[in-house]
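Examining the three-dimensional arrangement
The lines below spell out each chain.
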Amino acid sequence: MTSFLNRQDSYQEYDYFPGDAYPGDHHSLRLRRLSSGRSIHNIPHYNPSLSDGGDSEDDNQGQPRELRSLPRHMAIKKAKLKSRGIQVPVLSKAEMWKQDKLKKLQKLQNKAREILFFLALWGKTLQKIGGNFGGGVQSYFLFLRFLVILNFVSFLLMAGFVIIPSLVFRQVGVSFMNSNSTGEEICTVYEPNPPGLVVFYDYFLNLLSGTGFMEYSFMFYGYYNNTMVEDRNFSYKIPLAYLFTAIFYFAFCLICIVTRMGSAARVAVATGGSTAVNYSMIVFTGWDYGCLGDTATKLKQKNLLYRLQVDLEEERLKKHAASLTLLQKFGLHSLRLLMFLLVLGLNIAAFFGIFYATRYSQAQQNQSAGIQALFYEYLPSVVISAGNFLVPLLCDQIAKVERYSPSITVIVALLRAVVLRFVSLGVLLFTLWDQITCKGKINDLKCMLCGYNYESYPCWETRVGQEMYKLTLFDLLINIALLVLVEFPRRMVVDNWSSKISQLVGRQEFVVSSSVLGLVYSQTVVWTGALFCPLLPLINTVKFVILFYCKKITLFSNCRPPQKTFRSTTSAFFFLVVLLLGWMLASVVLIYSIAVIRPSLGCGPFRFSDNMWSVVPKSLYSLPLVTQEFLFFLGSQAFTIPLFSLSSLVMFYVIALFSIYGKSVRLLRQQLKGESRDKQFLVKQIGELSQ
Amino acid sequence: MGNKQSIFTAQQLDAYQVVKCFCRLSRLFYRYRDLAPQLVPLDYTKQPDVKLPYELIGSMPELKDNPFRQRIAEVFSEDGEGNMSLDDFLDMFSVLSEMAPRDLKAYYAFKIYDFNNDDFICKSDLEKTLNKLTRSELTEDEVKMVCEKVMDEADLDNDGRLSLEDFQHMIVRAPDFLSTFHIRI
């Protein structure tokens, strides 16, 4: 209401200047120029009550801020300052000093912000990418940068608490923890470096497959011992450190992901769901003013055109779907069900392929040598990558039959790809578990002696770590190979050979969603393998850095940006949700490895325990009694059940709060509409009464 | 890159810092001067009255491909024709910088999309905006449908056109308005 009255005021002001009879901005600008010495009341249409303002702060500082936020012309702002300068009373020396310090602090803050932006990893590159290719592609690179930093910090964690102490204690040669030998002698036999001549190319093969000289090194679990250092006030147990570092690493990653999700989610809740079709949003906020260059502008315009057309198309489809007869609906739904079963069948076929490939490769590993061995080593990775490539391709063709609306099609395709990737990794892990624990039957012939299949797996943790290492390496090699063998030639062909085929195929398009899925998959592999291969985060950091530069090169040289994008699938929130799913899969593996499986007797820091977790209670006995009792109480049911019920209560409360806020936002919106209608009604009434 | 003290007096600097200061003053001044070095003096202490014509402003790399560049220049210039003095130039880039508050940006965005300067975004303004956004490649039917939908969504007082309040209430719900209404200089 107040702004309406303001407008009335400003219109009235115009009457004072008889020469300028037409309303509008030009007039108001001229008005402001002429009235440079006048009072504050000729505020044109701007309602200061809606400003964000820093009005709660110190008044002297609040004034300059207020001036900044008002959209007035520079000249009048300066004149106002002059007039205010006269009116402001003389400040005491202390207050002047304080003001001076505040101003300097602000300048410092601005400078710090600029420096931080300059130092931020790859800041300028990301800006360039965003300006030339749009927000979707930029969000992929932002996500990649987040993962690089996460992996690097994780590596520092691992290095600080596990690798460096191990290194130091090994050199120092501290006493090993003796224990009663549990189990047969044969279980403790572990010879990673068989004696004899080693062919020269074996080093290269070992590098690629993590065997040989790499197997008994800091890379893998098998190298670490259960050393324990005890000094007067200082004691450090490697097994405990190893376990706690792994657990803390997982918790740390979870906190990082959830914090990042929080900021994205807050925005989504405040705006009441940003994925809903919203024409006014597209029209008024769709244009990116930071877009540079003719091609980028044309692209952005095409993008907007496509979005609007797609939204209109969806409306048409919705209307069409609502108008279908019952028989047609039944036909459509049964067709969709059939397609769903077909997709399920394809996935199951892929999973069986992975299962058999892994079993075959594990069986062949001990019997062959040389290049053949390498081939068998990499067989599971090859099958997984082939499956992840072929099955989505087929699903895309199937999706054309299903005739969902465009946005649902994209989301369904993405979900299928996510499920495929995670379940294929799960199948690989399941196959390994199958082999290691003889299908879970401890009484099986092979596993009876040591609790695991010691013949094929004298050190099964190292073997699992090796598999994860191979997956990571293979992923990187495939990316580089695709870059060199597919993308560059494609661009050269399309650019230099103009024919119908090359025009049809066109330049490579940078598809954000599948690239992000690739990143999430690699990160899940790293998480799964981190317990067994402590250096894997470092390898992953290097891999992601290489990937960043490779993708950047291919983006700028070979790609045209995606013309058809959907905001929901390029949003940071979606990426983080998928990453969280990967984390959950990895944490299941972690919990199972720590709590259930028997560690190898021949290698590693846990070789003398029944399971990895049991080192914790054992080491607790050395603590003072009170701490012991407290910690045991924390682990007992008397504590965990109330804790669980309390946290469920808190969760329900927060959910209720969330739904209430949503409802109140909707109510306020309706109230707003109602109020404007009231206003119209009153204006009409006033008009009628005055006649 | 030159001494600030030689271009502006200390008082002027202070005034600029207080009233504007969303971007670096010296960097913007040199960008302004680069557009026409023979017109813009190096010494601003006497507050010379220099205005650069729209053609020069519109040829800046940050603006030359923007379909709304003419409207932007018109909105921020004093005479409404796109000829900008240094004050107008600083105003423009400070509103379009990343540190300007949301309401300030919403106010100026409203003025930019209001092609006929009647303080309302009516159907014809919307159509012109749409055509600029999509290079006039939407069919007439589609343009009409989109305009209707926009009016449905944003027009709260049902007068067939968007006032500044309607616009601001819609902007409040837009999460990426701040990042899209932003020119990096």
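In the annotation of an unreviewed UniProt entry, chain B is listed under the name Calcium and integrin binding family member 3 and assigned to Oryzias melastigma.

If you check an unreviewed UniProt entry, chain A appears there as Transmembrane channel-like protein from Oryzias melastigma. Of the comments in the UniProt record for chain A, the one headed Sequence similarities (unreviewed entry) reads "Belongs to the TMC family." The Subcellular location (unreviewed entry) field of the UniProt record for chain A holds the comment "Membrane".

Focus on the overall build of chain B
Helix and strand content of chain B: 11 helices and 2 strands. Burial analysis of chain B (185 residues in total) assigns 59% to the buried set. Long-range contacts, defined as pairs at least 24 residues apart, comprise 57% of the intrachain contacts of chain B with a sequence gap of at least 6. Element-wise, carbon and sulfur atoms account for 48% of the exposed surface of chain B, whose accessible area totals about 7400 Å².

Structural notes on the overall build of chain A
Regarding its fold elements, chain A presents 23 helices and 4 strands. For chain A, the computed accessible surface area is about 38300 Å², with 66% contributed by carbon and sulfur atoms.

Considering the packing of aromatic side chains
All names here are of chain A. Following the criterion strictly, the structure yields 38 aromatic pairs over all chains and no others. For the pair tryptophan 122 and tyrosine 549, a centre-to-centre distance of 5.9 Å together with 85° between the ring planes defines the contact as edge-to-face. Of the two residues, tryptophan 122 sits in the loop between helix 5 (93-119) and helix 6 (123-133) while tyrosine 549 sits in helix 18 (residues 536-558), which places them 427 residues apart along the sequence. Summarising the aromatic geometry, the rings of tyrosine 249 and phenylalanine 250 are spaced 5.8 Å apart at their centres and angled 80° between planes, so their arrangement reads as edge-to-face. Both residues of the pair, tyrosine 249 and phenylalanine 250, count as buried.

Examining the UniProt feature "domain: EF-hand" (unreviewed entry) in chain B
Under the present numbering, the feature "domain: EF-hand" (unreviewed entry) in UniProt falls on residues 101-136 and 142-177 of chain B. A helix fraction of 67% and a strand fraction of 0% characterise residues 101-136 of chain B, whose end C-alpha atoms lie 32 Å from each other.

Quick word on the pattern of salt bridges
Residue and element names in this part refer to chain A. A full pass over the atoms with the stated rule returns 10 salt bridges over all chains. For lysine 470, the salt bridge is made with glutamate 467, and the minimal N-O distance between the two is 3.4 Å. A residue pair is termed a helical-turn pair when its members lie 3 or 4 positions apart in one helix, as lysine 470 and glutamate 467 do in helix 15 (residues 460-496) at 3 residues. We classify lysine 470 as buried; its relative accessible area is 1%. When its relative accessible area of 1% is taken as the criterion, glutamate 467 is described as buried. Two residues, arginine 598 and aspartate 610, come together in a salt bridge whose shortest N-O distance is 3.8 Å. In this pair, arginine 598 is assigned in the loop between helix 20 (572-595) and helix 21 (615-620) and aspartate 610 in the loop between helix 20 and helix 21, connecting sequence segments 12 residues apart.

With respect to the packing of helix 11 (residues 294-322) of chain A against helix 8 (residues 123-134) of chain B
Taken N-terminus to C-terminus, the directions of helix 11 of chain A and helix 8 of chain B make an angle of 120°; their axes are 7 Å apart at the nearest point. Classified by the angle between their axes, helix 11 of chain A and helix 8 of chain B sit oblique to one another. In contact with Gln301(A), Leu304(A), Leu305(A) and Leu308(A) of helix 11 of chain A, helix 8 of chain B contributes Leu130(B), Lys132(B), Leu133(B) and Thr134(B). Here the contact of helix 11 of chain A with helix 8 of chain B is composed, by residue class, of 5 nonpolar, 2 polar and 1 charged.

Section: the nonpolar core
Inside soluble globular proteins, nonpolar side chains tend to come together where they are buried. Formed by 107 residues in total, the largest nonpolar core has its most connected members in Tyr140(A), Phe141(A), Phe143(A), Trp527(A) and Leu579(A). Examining the composition of this core, we find that 14 residues originate from one element, helix 7 (residues 135-172) of chain A, more than from any other. Counting residues in each nonpolar core, the second largest holds 71 residues, with Val283(A), Phe29(B), Val95(B) and Leu138(B) among its members.

Some thoughts on helix 8 of chain B
The α-helix winds at 3.6 residues per turn, so residues separated by three or four positions along the chain end up facing the same way. With 12 residues, helix 8 of chain B should cover 16 Å at 1.5 Å per step; its first-to-last C-alpha distance of 16 Å lies within 8% of that length. All of the buried residues along helix 8 of chain B are Asp125(B), Leu126(B), Thr129(B), Leu130(B), Leu133(B) and Thr134(B). Along the long axis of helix 8 of chain B, the arc covered by the buried residues comes to 145°, so they all point the same way. Each element contacted by the buried residues of helix 8 of chain B is listed here: helix 10 (279-285) and helix 11 of chain A together with helix 7 (102-113) and helix 9 (140-154) of chain B. Remark: Arg135(B) follows helix 8 of chain B within two positions and exhibits a positive phi of approximately 55°.

So, unusual backbone geometry
Residue and element names in this part refer to chain B. Its identity as a non-glycine residue notwithstanding, asparagine 117 has a phi of 55°, on the positive side. By secondary structure assignment, the location of asparagine 117 is in the loop between helix 7 and helix 8. Although it is not a glycine, serine 136 sits at a positive phi angle of roughly 55°. Tracing the chain through its elements places serine 136 in the loop between helix 8 and helix 9.

Quick notes on the state of the cysteines
A covalent bond bridging the sulfur atoms of two cysteines is what the word disulfide describes. Residue and element names in this part refer to chain A. Scanning the model with the defined rule gives 1 disulfide over all chains in all. With a sulfur-sulfur separation of 1.8 Å, cysteine 459 is cross-linked through a disulfide to cysteine 603. Taking the sign of the S-S torsion, about 95° here, the bridge from cysteine 459 to cysteine 603 comes out right-handed. Separated by 144 residues along the polypeptide, cysteine 459 in the loop between helix 14 (406-436) and helix 15 and cysteine 603 in the loop between helix 20 and helix 21 bring together distant segments of the chain.

Things to note about the side chain of Arg421(A)
All names here are of chain A. Locating arginine 421 in the fold gives a position in helix 14. Among buried Asp, Glu, Lys and Arg side chains, arginine 421 stands out as unpaired, with aspartate 475 the closest opposite charge at 5.5 Å. In contact with arginine 421, not counting residues within four places along its chain, are Asn388, Leu517, Gly518 and Tyr521.

Notes on the environment of Asp166(B)
All names here are of chain B. Within the fold, aspartate 166 resides in helix 10 (residues 164-172). You can call aspartate 166 buried: its relative accessible area is 4%. Along the backbone, aspartate 166 and alanine 154 are 12 residues apart, and their C-alpha atoms lie at a distance of 6.1 Å. Not counting the four nearest positions on each side in its chain, aspartate 166 is found in contact with Ala154, Asp155, Leu156, Asp157 and Arg161.

Considerations on a nonpolar patch on the surface
All names here are of chain A. On the surface, a nonpolar cluster with roughly 630 Å² of combined accessible area is contributed by Ile478, Ile480, Leu482, Val484, Leu485, Val486, Val542 and Ile546. Elements represented by at least two residues in the nonpolar patch include exactly helix 15 and helix 18. Here the nonpolar patch takes 6 residues from helix 15, the largest share from any one element. Looking at the element boundaries, isoleucine 546 is found in helix 18.

Looking at the confidence of the model for chain B
For chain B, the average pLDDT comes to 83, and 91% of its residues sit at 70 or higher. This complex was scored by the predictor with a pTM of 0.70 and an ipTM of 0.85.

Brief notes about the confidence of the model for chain A
All names here are of chain A. On average, residues of chain A score 76 in pLDDT, and 80% of them are at 70 or above. Across residues 1-63, confidence stays below pLDDT 50; counting only partners more than four residues off in sequence or on other chains, it has 75 contacts. Contacts of residues 273-277 to residues separated by more than four positions or lying in other chains number 6 contacts, the stretch itself having pLDDT below 50.

Things to note about the environment of Ala399(A)
The residue Ala399(A) is located in helix 13 (residues 371-402) in this model. Linking Ala399(A) and Met339(A), residues 60 residues apart in sequence, is a C-alpha distance of 8.0 Å.

How each quantity is defined
Counting from 1, residues in each chain are numbered in the order their sequence is written. Note on labels: chains are lettered from A, ligands numbered from 1, in written order. Only residues with pLDDT of at least 70 get local features here, since the model is predicted, and only at 80 or more are side-chain atom pairs given and counted; chain-wide, interface and lining totals rely on the full set of residues. To obtain the side-chain values, all non-hydrogen atoms of the structure were used and water was disregarded. UniProt positions are given in the numbering used here, feature names are shortened, and annotations may be inferred rather than shown by experiment. Counting from the N terminus, the helices are the DSSP runs of H or I reaching at least four residues and the strands are the DSSP runs of E reaching at least two. Here the term buried applies to any residue with accessible area under 20% of the maximum for its type, exposed to any over 50%, and partly exposed to those in between, with areas from a 1.4 Å probe on protein chains only. The contact definition used throughout considers only heavy atoms, calling two residues in contact when any of these lie within 4.5 Å. Per-residue and other accessible areas were derived by the Shrake-Rupley procedure at a 1.4 Å probe size, with only the shown protein chains allowed to occlude residues. Under the pairing criterion, centres of Phe, Tyr and Trp rings, with the six-membered ring standing for Trp, must be within 6.5 Å; the plane angle then separates stacked pairs below 30 degrees from edge-to-face pairs above 60, leaving the rest tilted. Any carboxyl oxygen of Asp or Glu within 4 Å of a side-chain nitrogen of Lys or Arg constitutes a salt bridge here. Every axis corresponds to a line fitted to the C-alpha atoms, with the helix fit spanning only the stretch in contact, and the corresponding angles, defined between N-to-C directions, vary from 0 to 180 degrees. Here the word oblique covers every angle except those under 35 degrees (roughly parallel), over 145 (roughly antiparallel) and from 65 to 115 (roughly perpendicular). Residue classes follow a fixed rule: Ala, Val, Leu, Ile, Met, Phe, Trp, Tyr, Cys and Pro count as nonpolar, while Asp, Glu, Lys and Arg count as charged, and any other residue, Gly among them, counts as polar. By nonpolar core is meant a set of buried Ala, Val, Leu, Ile, Met, Phe, Trp, Tyr and Cys residues that side-chain atoms within 4.5 Å join together. Here the expected span of a helix is defined as 1.5 Å times the quantity of residues minus one. The directions considered for the arc are those from the helix axis to the C-beta atoms. Cysteine sulfurs are considered disulfide-paired once they come within 2.5 Å of each other. Residues scored as positive are Lys and Arg, those scored as negative are Asp and Glu, and His as well as the terminal groups of each chain are ignored. Surface patches are drawn from residues lacking salt bridges whose relative accessible area is over 30%; two like charges belong together within 9 Å, two nonpolar side chains (Val, Leu, Ile, Met, Phe, Trp, Tyr) within 5 Å. Note on scores: pLDDT gives the predictor's confidence for each residue, bounded by 0 and 100.

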